[in-house]
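Single-letter residue listing:
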Amino acid sequence: MYTAKHKTDLFLTLHLHMMRFNDINKVLILSVAFLPLLGLYGCGQLASSQKATNNVDLSQVTVVLGDQVGGTRALVEAANALEGVPYKYKWASFQGAAPLFEALRVGAVDTAPAGDLPVLAAAVGKTPLKILATRVGKGEGLGIIVHADSPIKGVADLKGKTVVVSSARGSVSQYQLYGALEEVGLKRTDVTVKFVLPTDASAAFSSKNIEVWATFDPYFYVAQQNGGRVLRDGQGINSGLSLITASDKALADPGKRAAIADFLKRLNKASDWAIANPDGYAQVYAKLSRLPLNTSKSITQRSARELRPVSDNDIRALQTVADRSYKDQILPVQIEVRSITDQSIWTK
């Protein structure tokens, strides 16, 4: 019989096996094999043959909804938000933003939810996408963590240390780390940064092969539950913005564009439901992620946030992140955030 820890290890280990394939098609094939076991992949049943107002027959449309660690799917299913959709849909979940945006780049998924910096990194990395909606969090769902018995007492003690960052260059965790270093007067060159996918890093941190880890939920919270000590979380450093994006290719398709617009409206309702019904949200998240219910409650409490169309203030906040990331050499080129934003597809 699996204990809660065994279930967590199984969940993380299977994601690790999926992402060891370099060929994204193999990743998706393996996802189909493994994710039903984890409850992280599914196909929506066509509920009707409704047609969109623009004469697109949505009964002939299938959208692939990208996800990270099943979080968006849990939210949507907990609220029954996709009940009665006039189009077909599939879920494809990944362990972090880097593999998710690789899937978006090659057309294996149509939508992708992620934090601010991974979206910007994907855009400068030749992934044609548009930002469609935003959520605002508090930054407590990510941070820098060490073991409870570590001699490292604060961020200032990181000088000369190696910090493992998940999941890849351009992650929210890299941005948080550099911001935390700057707070205490350290330069980013005062530490050695290594990039490791979160499932690899989780196993290494648990076995004490990693001394310092900068990561995000659910890995961040699970590490805390297993005795990790937080040096600094993302509050006051990260923008707190998480974004819903879609590929340019999907948005150029009239049927998929209409379906994605409908999905955003339903996701908005699901977000409102989750805020009002935290226990129901946590129960579905626990079922899909195979994480213990108490762990799921804490994670979903941090992730239940209002969804809104992209505002001009959001664009300005993201531009600040983009400019600072270019200055810190996280992003190789400057990027104009407004050019990768579509404010027309969904309005309240």
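Preceding this paragraph is the structure being described.
About the criteria used
Residues numbered from 1 in each chain as written. Predicted model: local features only at pLDDT ≥ 70, side-chain atom pairs only at ≥ 80, totals over all residues. Heavy atoms only, no water. Phe/Tyr/Trp six-rings, centres within 6.5 Å; stacked < 30°, edge-to-face > 60°. Buried < 20%, exposed > 50% of the residue type's maximum accessible area, 1.4 Å probe, protein only. Lys NZ or Arg CZ within 6 Å of the ring centre and 35° of its normal. 1 Å grid on protein atoms, 1.4 Å probe; cavity = no way out; pocket = protein on both sides within 12 Å on 5 of 7 lines; lining within 4 Å. Points joined across faces, edges and corners; volume = space filled by probe spheres on them. Helix = DSSP H or I, 4+ residues; strand = E, 2+ residues; numbered from the N terminus. Nonpolar A, V, L, I, M, F, W, Y, C, P; charged D, E, K, R; others polar. Core = buried A, V, L, I, M, F, W, Y, C linked by side-chain atoms within 4.5 Å. Contact = heavy atoms within 4.5 Å. Salt bridge = Lys/Arg side-chain N within 4 Å of Asp/Glu carboxyl O.

A. Broad picture of the packing of aromatic side chains. Here the structure, examined in full by the defined rule, presents 3 aromatic pairs. Ring geometry for Phe 205 and Trp 213: centres 5.5 Å apart, planes at 40°, overall tilted. A single burial state applies to Phe 205 and to Trp 213, both of which are buried. Ring plane angle 80° and centroid distance 5.8 Å describe the contact between Phe 216 and Tyr 219, whose orientation is recorded as edge-to-face. We note that Phe 216, like Tyr 219, is buried. Between the NZ or CZ atom of Arg 324 and the centre of the ring of Tyr 175, over which it lies, the distance is 5.4 Å.

B. Structural view of the layout of surface pockets. Here the largest pocket is characterised by a volume of approximately 940 Å³. Residue assignment for the lining of the largest pocket shows that the elements contributing at least two residues are strand 2 (62-68), helix 3 (71-78), strand 4 (111-115), helix 5 (116-124), strand 5 (129-136), strand 11 (241-247), helix 11 (278-289) and helix 12 (293-303). Here the residues of the lining of the largest pocket are counted per class, giving 19 nonpolar, 16 polar and 8 charged.

C. Expanded view of the nonpolar core. Counting residues in hydrophobic clusters, the biggest one holds 50 residues, and the most contacted among them are Phe 101, Leu 120 and Leu 158. It is helix 5 that provides the largest number of residues to this core, a total of 6 residues. Setting aside its immediate chain neighbours within four residues, Leu 158 contacts Ile 144, Ile 152, Val 163, Leu 177, Leu 181, Asp 190, Val 191, Val 212 and Leu 231. Counting residues in each nonpolar core, the second largest holds 40 residues, with Val 63, Leu 65, Tyr 221 and Leu 307 among its members.

D. Summary view of the pattern of salt bridges. Per the stated rule, a full pass over the model turns up 16 salt bridges. Measuring nitrogen to oxygen at the nearest pair gives 3.9 Å for the salt bridge that ties Glu 211 to Lys 161. Placement of Glu 211 in the loop between helix 7 (198-206) and strand 9 (212-216) and of Lys 161 in the loop between strand 6 (142-147) and strand 7 (162-165) is noted, with a sequence separation of 50 residues between them. In this structure Glu 211 comes out as partly exposed when scored by relative accessible area, which is 34%. Between Asp 217 and Arg 302 there is a salt bridge; the shortest N-O distance is 2.8 Å. You can see Asp 217 sitting in the loop between strand 9 and helix 8 (219-225) and its partner Arg 302 sitting in helix 12, a full 85 residues away along the chain.

That's the geometry; what it means functionally is another story.
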